[in-house]
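# Remarks on the overall topology
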Amino acid sequence: RRRHTRLRTVTGVQTCALPISLRLASSGGDGRAILVHVRDEAVAPIVVGEHQGAVNSVAIHASGKQWATAGDDGAVRLWDDAGKPVKKLTVGLTGRQLTLGYSPDGNYLVVAGSSKIVQAVNRDSAQIARTLEGHNDSIYRLAYNSTGTRVATLDYSGHLFVWDAGTEIGRA
């Protein structure tokens, strides 16, 4: 029998899961995000809350040892797997950050939002490696394909862009 846990601490806006680490992350409109271990209920959920306004997106690094949140305050924040702040990425980012994702190699965070641009941020240096333009509306979703060679972005007007991850986003 599968037991379910009701989480009341965060109003869900977006969730992501990483099977390798058995973690599930959820973001909320109250400026907080939560990370839970889905297989071990004895592990306490980790709640973080340093954003001003909604947390619009969460992403878990492939190692399971780091996760990121993006918010209405324009910030992208990196957290370790215990919920301690690692880094706040704000250099060059503009507008509300609505979606983000780690590159398959884990070296970049790709961020997009109300600025209508896609930015690849080097996770270690916190510098913007690439800025991609073309959307005419806020970008609210992005995803890598299964091989990590392409990243797709979708804006509110329904325009889908597919970018080459190697030449347009960057690889370490």
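This structure is a prediction, so every number in the text was calculated from the model and none was measured.

Before going further, it helps to examine the overall build of the protein chain. Scanning the protein chain from N- to C-terminus turns up one helix and 15 strands. Per-residue burial for the protein chain yields a buried fraction of 45% across its 172 residues. Pairs at least 24 residues apart make up 37% of the contacts formed inside the protein chain by residues separated by at least 6 positions. Of the roughly 8,700 Å² of accessible surface on the protein chain, 48% is carried by carbon and sulfur atoms.

Further remarks concern the nonpolar core. Among the nonpolar cores identified, the biggest contains 13 residues, and Val-76, Leu-89, Leu-100 and Leu-109 are the most heavily contacted of them. Elements represented by at least two residues in this core include exactly β6 (66-71), β7 (76-80), β9 (97-102) and β10 (108-113). Beyond its immediate chain neighbours, meaning those up to four positions away, Leu-109 contacts Ala-68, Val-76, Leu-78, Leu-89, Leu-100, Gly-101, Tyr-102, Gln-119, Ala-120 and Val-121.

Once that is clear, we can look at the sheet that holds β7. Taken together, four strands build an open sheet; the order of strands is β5-β6-β7-β8 and the sheet is antiparallel. Sheet topology places β5 (55-60) and β8 (85-89) at the edges, where each strand pairs with a single neighbour. Within the sheet, the average angular offset between the axes of one strand and its neighbour, ignoring direction, is 20°.

Time to look at the pairing of strand β2 (residues 23-27). Each regular strand displays side chains that alternate between the two surfaces of the sheet. Most of β2 is tucked away, with four of its five residues classed as buried. As defined by bridge partners, β2 adjoins strand β3 (residues 33-37) across five bridges and the pair is classed as antiparallel. Following the sheet pairing, Arg-23 is matched in β3 by His-37. As consecutive antiparallel partners, β2 and β3 are separated by five residues, and within that stretch Gly-31 has a phi angle of approximately 85°, a positive value.

The next thing to look at is the pattern of salt bridges. Within the structure shown, the criterion is met by four salt bridges. The closest approach of N and O atoms between Arg-77 and Glu-50, which form a salt bridge, is 3.4 Å. With Arg-77 in strand β7 and Glu-50 in the loop between β4 (46-48) and β5, this pair connects stretches of sequence that are 27 residues apart. What makes Arg-77 buried here is its relative accessible area of 9%. A residue is classified by how much of its surface remains accessible, and Glu-50, at 37% relative accessible area, is partly exposed. A salt bridge links Asp-164 to Arg-150; the shortest N-O distance between them is 3.1 Å. Of this pair, Asp-164 sits in strand β15 (residues 160-164) while Arg-150 sits in strand β14 (residues 150-155), placing them 14 residues apart in sequence. For Asp-164, a relative accessible area of 24% translates into the label partly exposed.

The next subject is the side chain of His-135. Summarising the element assignment, His-135 is placed in the loop between β12 (128-133) and β13 (139-144). We classify His-135 as buried; its relative accessible area is 6%. A distance of 2.7 Å separates polar atoms of two side chains, one belonging to His-135 and the other to Thr-153. Within the structure, the side chain of His-135 is placed 2.8 Å from the side chain of Asp-155, a separation counted as a polar contact. Apart from residues lying up to four places away in sequence, His-135 is in contact with Lys-116, Thr-153, Leu-154, Asp-155, His-159, Phe-161 and Trp-163.

Along the chain, His-61 falls in the loop between β5 and β6. Reaching out from His-61, the side chain makes a polar contact with the side chain of Ser-63 at a distance of 2.9 Å. A polar side-chain atom of His-61 sits 3.3 Å from the main-chain carbonyl oxygen of Gly-106.

The rules we used
Residues numbered from 1 in each chain as written. Predicted model: local features only at pLDDT ≥ 70, side-chain atom pairs only at ≥ 80, totals over all residues. Heavy atoms only, no water. Helix = DSSP H or I, 4+ residues; strand = E, 2+ residues; numbered from the N terminus. Buried < 20%, exposed > 50% of the residue type's maximum accessible area, 1.4 Å probe, protein only. Contact = heavy atoms within 4.5 Å. Areas by Shrake-Rupley, 256 points an atom, 1.4 Å probe, with all protein chains shown as cover. Core = buried A, V, L, I, M, F, W, Y, C linked by side-chain atoms within 4.5 Å. Pairing = 2+ DSSP bridges. Axes fitted to C-alpha atoms, helices over the stretch in contact; angles between N-to-C directions. Salt bridge = Lys/Arg side-chain N within 4 Å of Asp/Glu carboxyl O. Polar contact = N/O pair within 3.5 Å; in protein donor to acceptor, adjacent residues only side chain to side chain.

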